[in-house]
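This is what each chain is made of:
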Amino acid sequence: MAKQNNIYKQITILLFVVFGLNYLSGHIYQRFDLTHDKRYTLSEAAIQTLDAAESVVFVEVLLEGSFPAEFRRLQSETRQILEEFASKNSNVKFEFIDPTKDTDDPDEVRAQLAQLGILPAQVSVQDGGRMTQELIYPWAIIMHEGRLVKVNLLKNQLGASQEERITNSIQNLEYAFADGFNKIITPKSKKIAVLSGNGQLPDRYIADFISTLRDYYFTAKFTLDSVAVSPQRTLEEIKNYDLLISAQPREAFTDEEKYVLDQYTMNGGKSLWLVDKVNVEMDSLFNLGYTFAFGNSLNLTDFFFRYGVRINPVLVNDLYSAPIVLATGTEADSQFDRYPWFYSPLTSSASPHPIVNNIEAVKFDFASAIDTLENDIKKTILLSTSPITRVVGMPTRISLDQEIIFNLEVYNNGPDMQQFSAGEVPLAVLLEGNFTSVYRNRVKPFPINNHIDEGVETKMVVISDGNVIKNQMQGNRPLELGFDKWTNTRYGNKDFLLNTVNYLLDETGLINIRSKEIVIPFLDQQKVIQERTYWQTLNLVFPLVLLLIFGLLFSFYRKKKYT
């Protein structure tokens with residue numbers, strides 16, 4: 001009887017434990033990230049992007065269907081990261097779909113997606129040593145309160161293998177979705193002034209980048225012409241903007257204009273400068289076959305010198321560069337050929353800085369060298385040339401034929417390292433800290449209220465080429481920044497500049513997510529093909545052999561025990 005009561009007692013305790021665990025699991029929810037790189041642990045900045053979402057945020061992921069193992073990994077990682085976002089805010093809902101499945105006209109669906117700017121990616125599928133090409137859509141569409149934002153899940157990099165592209169893409173997932181949520185949920189607040197009036201690029205050549213910025217910030221043109229009439233009012237007006245962008249100015253700044261820009265910086269204003277220190281007329285180069293390059297005086301030398309950088313009136317030649325496309329033959333039989341062109345450096349960076357981490361190579365055209373000077377400002381070299389670089393002094397005559405002949409000779413015979421001895425030349429520099437006024441202990445161009453000699457903490461980026469922000473044109477239509485219509489190649493100019501602006505204006509630390517490093521192991525495809533039969537046989541035969549051995553031993557044990 002006592003034994004029976006003890007059994008009842010144990011059963012009762014067990015039931016209490018089961019019901020207790022069931023109750024707790026229904027009211028207490030906890031996820032544990034056991035990965036060594038904490039890839040599924042969302043940063044606080046990413047979580048905050050969902051704070052204002054009080055209604056459903058629906059994410060439609062187009063990554064569904066049959067595709068290579070690498071993209072199945074991307075699909076799995078995308079699902080995991082969205083589950084993490086959904087765990088932080090129950091309003092986040094998501095679904096994976098195949099956009100071309102269950103439709104009578106896949107071409108019409110592809111055309112509709114193309115109108116939204118959602119283009120397919122062509123991937124190589126290897127099956128038993130046979131290679132085929134497939135089209136997939138590694139995109140997500142975020143929808144919230146009648147608005148939508150598209151998110152590209154696949155990062156492209158020149159020369160990267162398919163596995164490297166997937167690794168870079170997985171590393172970028174958290175930032176890609178956090179940035180998308182931020183754009184569609186968080187109302188715009190920061191204001192950007194695009195400077196004009198000093199010969200800056202016409203609107204059509206910066207149209208694509210400015211339209212991209214409007215997804216995040218308010219933008220407006222701002223001219224410094226009123227400085228000559230009312231400098232104090234101009235300074236007060238420009239202080240209402242959080243960031244200034246000056247894209248390839250061609251006309252010199254007056255001392256009055258420079259003083260306004262200096263005091264704007266002293267008051268904490270951020271700025272992005274894309275400056276050509278050398279003038280090169282490309283029309284003359286193509287029409288006449290030659291052009292002259294000469295220094296461009298913008299009256300900004302002391303301005304940048306005081307802040308800690310100097311743009312030198314030279315041009316850099318980089319062996320790692322983008323090609324130039326030239327037409328050969330008669331008009332009827334003309335064809336376009338690519339030739340090496342060292343005046344168009346392709347710059348990338350191994351730096352973990354969030355501006356340049358995991359971006360495509362950035363294309364420059366006729367860039368100058370930047371020197372960093374010793375002062376209290378923190379300087380970070382964002383982009384520089386390759387180690388095989390030479391510097392061309394000014395003025396100089398650039399002949400198209402002579403440059404092509406020289407470049408081909410270098411490519412065929414290898415560079416003369418005595419000529420290409422400049423090493424890595426900085427082309428883009430980030431400045432951070434408390435700037436000192438250019439007009440400290442100097443005569444001021446005009447009196448203003450509350451002149452500041454030592455500014456509050458701020459940031460500035462200086463780029464030694466205005467063409468970095470310049471988009472090409474197709475007739476009257478601006479093309480996407482970074483796309484070269486002559487070579488059909490996409491460069492990282494847009495990502496680089498967008499990351500730069502986001503870093504300069506970001507107060508939440510969202511851009512720092514891009515520094516997160518994730519290590520993704522992949523199978524060696526060559527070994528997979530070579531050892532495929534061995535591993536298939538092992539996986540099929542070994543379990544059967546193991547099962548046979550277990551059966552024989554069990555049979556032997558039973559005979560011995562019961563005989």
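The structure we're discussing is the one just above.
Residues numbered from 1 in each chain as written. Predicted model: local features only at pLDDT ≥ 70, side-chain atom pairs only at ≥ 80, totals over all residues. Heavy atoms only, no water.

**Q** Would you explain the overall build of the protein chain in this entry?
**A** For the protein chain, the helix and strand inventory stands at 14 helices and 27 strands. Summarising the internal contacts of the protein chain: among those between residues at least 6 apart in sequence, 77% fall at separations of at least 24. Surface summary for the protein chain: the accessible area is close to 29700 Å², and the carbon and sulfur share equals 53%. (Helix = DSSP H or I, 4+ residues; strand = E, 2+ residues; numbered from the N terminus. Contact = heavy atoms within 4.5 Å. Areas by Shrake-Rupley, 256 points an atom, 1.4 Å probe, with all protein chains shown as cover.)

**Q** Can you help me understand the sheet that holds strand S12 (residues 290-295) in this one?
**A** Either a parallel or an antiparallel arrangement is found when strands of a sheet pair, and the pairing is made through backbone hydrogen bonds. In spatial order, the strands read S11-S12-S21; together these three strands make up an open sheet with antiparallel pairing. Of all the strands in the sheet, the pair left with one neighbour each is strand S11 (278-279) and strand S21 (396-399). Where S11 meets S12, two bridges bridge the pair, whose relative direction is antiparallel. By the bridge assignment for S12, Asn279 is matched with Phe294. (Pairing = 2+ DSSP bridges.)

**Q** Hey, could you run me through the packing of helix H7 (residues 231-238) against helix H8 (residues 255-266) in this one?
**A** Each packed pair of helices is defined by two parameters, the angle between the axes and the distance between the axes. Running from N to C, H7 and H8 point in directions that differ by 40°, and their axes come no closer than 10 Å. In terms of their interaxial angle, H7 and H8 are classed as oblique. Both H7 and H8 take part in a crossing whose hand is right-handed. On the side of H7, the interface is formed by Pro231, Leu235 and Ile238, while H8 contributes Val260, Leu261, Gln263 and Tyr264. Among the residues forming the contact of H7 with H8, the class breakdown is six nonpolar, one polar and no charged. (Axes fitted to C-alpha atoms, helices over the stretch in contact; angles between N-to-C directions. Parallel < 35°, antiparallel > 145°, perpendicular 65-115°, else oblique. Left-handed = near helix turned anticlockwise from the far one by under 90°. Nonpolar A, V, L, I, M, F, W, Y, C, P; charged D, E, K, R; others polar.)

**Q** Explain the packing of aromatic side chains here, please?
**A** The relation between two aromatic rings is expressed through the spacing of the ring centres and the mutual angle of the planes. Tallied over the full model, the rule gives 20 aromatic pairs. Residues Phe222 and Tyr241 carry aromatic rings whose centres are separated by 5.8 Å and whose planes lie at 75° to one another, so their mutual orientation is edge-to-face. Here the residue Phe222 occupies a position in strand S8 (residues 218-223), and Tyr241 occupies one in the loop between H7 and strand S9 (243-247), the gap between them amounting to 19 residues. Across the pair, Tyr241 and Phe222 agree in class, each one buried. Three or more aromatic residues link up through ring pairs in this structure, and these residues are Phe253, Trp273, Phe303, Phe304, Tyr307 and Phe435. (Phe/Tyr/Trp six-rings, centres within 6.5 Å; stacked < 30°, edge-to-face > 60°. Buried < 20%, exposed > 50% of the residue type's maximum accessible area, 1.4 Å probe, protein only.)

**Q** Can you help me understand the nonpolar core in this one?
**A** One recurring pattern in soluble globular proteins is that nonpolar side chains are buried together. Counting 81 residues, the largest nonpolar core has Phe177 and Phe496 as the members making the most contacts within it. Ranked by the residues each element gives to this core, the list is headed by helix H5 (residues 162-185), at ten residues. Ignoring sequence-local partners within four residues, the contact set of Phe496 consists of Ile355, Val356, Ile359, Val362, Leu382, Leu383, Ala428, Ile463 and Val468. In terms of nonpolar packing, the next biggest core, distinct from the first, is built from 35 residues, Leu235, Leu261, Leu300 and Val438 among them. (Core = buried A, V, L, I, M, F, W, Y, C linked by side-chain atoms within 4.5 Å.)

**Q** I would appreciate a short explanation of the sheet that holds strand S7 (residues 191-196) in the present structure.
**A** In spatial order, the strands read S8-S7-S9-S10-S23-S22-S19; together these seven strands make up an open sheet with mixed pairing. Each of the sheet's edge strands pairs with one partner strand only, and the pair in question is S8 and strand S19 (378-384). Between one strand axis and the next, the sheet turns by 20° as a mean value, whatever way the strands run.

**Q** Honestly, helix H14 (residues 532-562) in this entry has me stumped. Any pointers?
**A** Because each turn of an α-helix spans 3.6 residues, side chains separated by three or four positions end up pointing in the same direction. Taking 1.5 Å of rise per residue, 31 residues should cover 45 Å, and H14 covers 45 Å from first to last C-alpha, within 8% of that figure. Of all the bends in H14, the largest measures some 25° and sits at Val541, one to four residues before the proline Pro543. (Expected span 1.5 Å × (residues − 1). Bend = angle between axes of the 7 residues up to and from the residue.)

**Q** What is the right way to look at the pattern of salt bridges in this model?
**A** In a structure, side chains of opposite charge can pair up when their charged atoms sit close to one another. Across all of its chains, the model carries 14 salt bridges by this definition. Its salt-bridge partner being Arg110, residue Asp107 comes within 3.2 Å of it at the nearest N-O pair. With a gap of three residues between them, Asp107 and Arg110 both fall in helix H4 (residues 106-115), about one helical turn apart. The partly exposed category is assigned to Arg110, whose relative accessible area is 29%. Here Arg250 makes a salt bridge to Asp276, at a shortest N to O gap of 3.6 Å. Of this pair, Arg250 sits in the loop between S9 and H8 while Asp276 is found in the loop between strand S10 (270-274) and S11, placing the two residues 26 residues apart along the sequence. For Arg250, a relative accessible area of 33% gives the class partly exposed. A residue is classified by how much of its surface remains accessible, and Asp276, at 4% relative accessible area, is buried. Via salt bridges that share partners, Asp208, Glu480, Arg490 and Lys494 belong to a single interconnected network. (Salt bridge = Lys/Arg side-chain N within 4 Å of Asp/Glu carboxyl O.)

**Q** How should I be thinking about helix H3 (residues 69-88) in this particular structure?
**A** Over its 20 residues, H3 extends 29 Å from the first C-alpha to the last, a length consistent with the 28 Å expected when each residue adds 1.5 Å. The set of residues buried in H3 consists of Glu70, Phe71, Leu74, Gln75, Glu77, Thr78, Ile81, Leu82, Glu84 and Phe85.

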